[in-house]
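Listed below, chain by chain, are the residues.
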Amino acid sequence: MNTHTPNMRPVILQLDEAAINRIAAGEVVERPSSAVKELVENAVDAGARRILVEVSDGGKSLIRVTDDGCGMAPEDLPLALSRHATSKIDGTDLLNIHSFGFRGEALPSLGAVGRLVIRSRAQGGEGAEIAVSGGVSGGVKPCALNGGTVVTLRDLFHATPARLKFLRSDRAEMMAISEVVKRLAMAEPSVGFTLRDVSEDKARVTFRADPVTGDLFTALRGRLAQVMGAEFTDNALSVDAEREGFRLTGLAALPTYSRGSSVAQFLFVNGRPVQDKLLYGALRGAYADFLSRDRHPAVALFVDCDPHLVDVNVHPAKSEVRFREPGVVRGLIVSALRHALAEAGHRASSTVAGETLRSFRPEAGPLGAAAAPASAAAPARVYQMDRPSPAARAAAFRAQAPAFADMAGQWSGRVEASEPEEAGELPLGTARGQVHENYIIAQTADGIVIVDQHAAHERLVYERLKRQMAERGVAAQALLIPDIVELSPDDCARLLGLAGELARMGLGIEAFGGSAVAVRETPALLGEVNAAALLRDVLDEVADCGSSALVQDKIEAILSRVACHGSIRSGRRMRAEEMNALLREMEATPHSGQCNHGRPTYVELKLSDIERLFGRT
């Protein structure tokens, strides 16, 4: 776009202060939730223990933030409305940041696009207030206030009405504000947060989180239960790991407690909520072996480090950061999460049993009232699985023993004798029978376990294949004629820097002069490989995540398919000793609670839940 008129020299003009503030506000205040974020962060930086946020009409007409922090003296109020005036840094070291805010842009930006009133009182001082509208500030006046600060912003964007056209509905803006407050509440468990909708003079509390005390994980679990729900904390694993100056803490949900989108992923760096593609990429990599592509893990993870190891001043809203050693952070996240998931062993999400119990609820049918239409209620979530046809079951019978062929038309359930005293000592109990040639019924000390024999054995075979690959390495096949791939000089240098890592995965590359790379070996498991496409995919992942696990992921995908074909098939009758051996191996194998696609391999029903179904409690 070129607006320059020919034969006319453009003149450089100095913009006035009001225009400068409105331009700055365009970067800092994108929508009402941006204003709430800035004001609540200021309250936290002021040492507030309780913060009240009141909004009206989705924040378009009113945003009021009240805190019990340290407050400000009357003489500080005019300075607080000046650009780049802050009490949080002295300007000598822009990397040594220990607070949410540090630029001194929020209040003057809000005053430039709305009607802003600040009332504050420092301990032992007098209360005072100052007002600013459209960038024009009034004088300081005395006011009555017990302590802390009250910031009131009315008529957001009244000074820039064109911005109002780009705002969404009141409901959508309110949801965005709620999301901002919840993220900040997760980062500060010791601070109480209340969000109140005061639209149309009907005050309604939409979110409340009381202060939580205790050690790190006690307080964190308590706050996350308030924000994300007790169901998440009940099915989440504690994560605590350190590497080269970085520490990772938080909670990560089991793979069987997954979501259809990434809405339940919360990441923080030095207590600051961020949405950073490096961290999200590491999260996907950590769960890649346990979830299918359409499922997303639920996590709340906190990365803490020396402020000099991370630059938080790379984004106008400070929602992205830049690490000095991104590879270390990615490796820490992947290894810590995989270690936590491995230690969980065969544990599966309790929500699986909950869904099972809900499906057992009695329904009206032929023996009672007329059945309700299918559309009357949303169907429970159903996992896709293979169910053997009668013909396949008959073929399985004939393959195992000729006498079984006569049983093809009979019921497939049966009882297997086993030692009764063993059931109470084993987590997955003792096998009592098999139904439909696919499900093992086991008895535990306080309930029953239903196991999908194919899904469970598929996971066990897959984990065994991975262990063998880790012990023996990845077999490589040498190419008779090396593939020569032409790349840009930058891509060539980047790829050759990964040559050692790729060689361990069976992909052998070396320089071939200029910006060309010669591919001499490929992983044998991958069979025939398009070397050029594979290398470009690796480069794309490196550009996106800082490192590449693409080759390993492709190898593990093949191992997963091998495990699927090499596992016990649906429709196979198993003897009692075979079923118990499968249960014991599940107890000893990490990740056996879900199959290779993230589906549960077993459901555990407590005796108390079963009795409740029959009205015995």
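Nothing here was measured: the structure is a model prediction, and the numbers come from that model.

Novice: Explain the packing of aromatic side chains to me, please; I cannot follow it from the model alone.
Specialist: The geometry of an aromatic ring pair is captured by two quantities: the separation of the ring centres and the angle between the planes. Here the structure, examined in full by the defined rule, presents 3 aromatic pairs. Each ring, one from F268 and one from F302, has its centre 4.5 Å from the other, and the planes form 10 degrees; the classification is stacked. Taken together, the residues span a long stretch of sequence, with F268 in strand β13 (residues 265-269) and F302 in strand β16 (residues 299-305) at a distance of 34 residues. Here F268 matches F302 in class, with each residue buried.

Novice: Is there a simple way to think about the packing of helix α8 (residues 277-287) against helix α9 (residues 326-343) in this case?
Specialist: Two numbers describe a pair of packed helices, the interaxial angle and the distance between the axes. The interhelical angle for the contact between α8 and α9, taken along N-to-C directions, is 35 degrees, at an axis separation of 9 Å. The crossing of α8 and α9 is right-handed. When α8 is examined against α9, the residues L278, L279, G281, A282, L283, G285, A286 and Y287 are found in contact with a partner set consisting of P326, V329, R330, I333, V334, L337, R338 and L341. Looking at the contact of α8 with α9, its residues break down into 12 nonpolar, 2 polar and 2 charged.

Novice: Where do I start with the sheet that holds strand β14 (residues 272-274) in this structure?
Specialist: To summarise the sheet geometry, strands pair through backbone hydrogen bonds and adopt either a parallel or an antiparallel arrangement. Ordered in space as β10-β11-β16-β13-β14, the 5 strands form an open sheet in which the pairing is mixed. The sheet is open, and its two borders are formed by β10 (236-243) and β14, each paired with just one other strand. Mean inter-strand twist for the sheet, computed between neighbouring axes without regard to direction, equals 20 degrees. Sheet strands touched by helix α5 (residues 170-187): β13, β14 and β16. Its angle to β13, the strand with the most contacts, is close to 55 degrees. Contacting β10, β11 (246-253), β13 and β16, helix α6 (residues 216-228) runs over the sheet at an angle of about 45 degrees to β11.

Novice: What is the right way to read the pairing of strand β21 (residues 439-444) from this model?
Specialist: Both faces of the sheet carry side chains from a regular strand, because those side chains alternate between them. For strand β20 (residues 430-435) and β21, the ladder comprises 5 bridges, and the chain directions are antiparallel. Among the inter-strand pairings, V435 is bridged to a residue of β21, identified as Y439. What sits between β20 and β21 in their antiparallel hairpin is a turn of 3 residues, with H436 showing a positive phi close to 55 degrees. Pairing geometry for β21 and strand β22 (residues 447-452), over 6 bridges, is antiparallel. By the bridge assignment for β22, A442 is matched with V449.

Novice: Teacher, can you tell me more about the sheet that holds strand β25 (residues 516-523) here?
Specialist: With antiparallel pairing, the 3 strands of this open sheet are ordered in space as β23-β25-β24. At either end of the open sheet lies a strand with only one pairing partner, and these are β23 (476-486) and β24 (508-511). Going from strand to strand, the sheet's axes swing by 20 degrees on average, the running direction of each strand aside. Across 4 bridges, β24 lies against β25 in antiparallel orientation. Its bridge partner being in β25, A511 is matched across the sheet by V517.

So, how was this worked out
- Residues numbered from 1 in each chain as written.
- Predicted model: local features only at pLDDT ≥ 70, side-chain atom pairs only at ≥ 80, totals over all residues.
- Heavy atoms only, no water.
- Phe/Tyr/Trp six-rings, centres within 6.5 Å; stacked < 30°, edge-to-face > 60°.
- Helix = DSSP H or I, 4+ residues; strand = E, 2+ residues; numbered from the N terminus.
- Buried < 20%, exposed > 50% of the residue type's maximum accessible area, 1.4 Å probe, protein only.
- Axes fitted to C-alpha atoms, helices over the stretch in contact; angles between N-to-C directions.
- Left-handed = near helix turned anticlockwise from the far one by under 90°.
- Contact = heavy atoms within 4.5 Å.
- Nonpolar A, V, L, I, M, F, W, Y, C, P; charged D, E, K, R; others polar.
- Pairing = 2+ DSSP bridges.

By themselves these figures say nothing about function.
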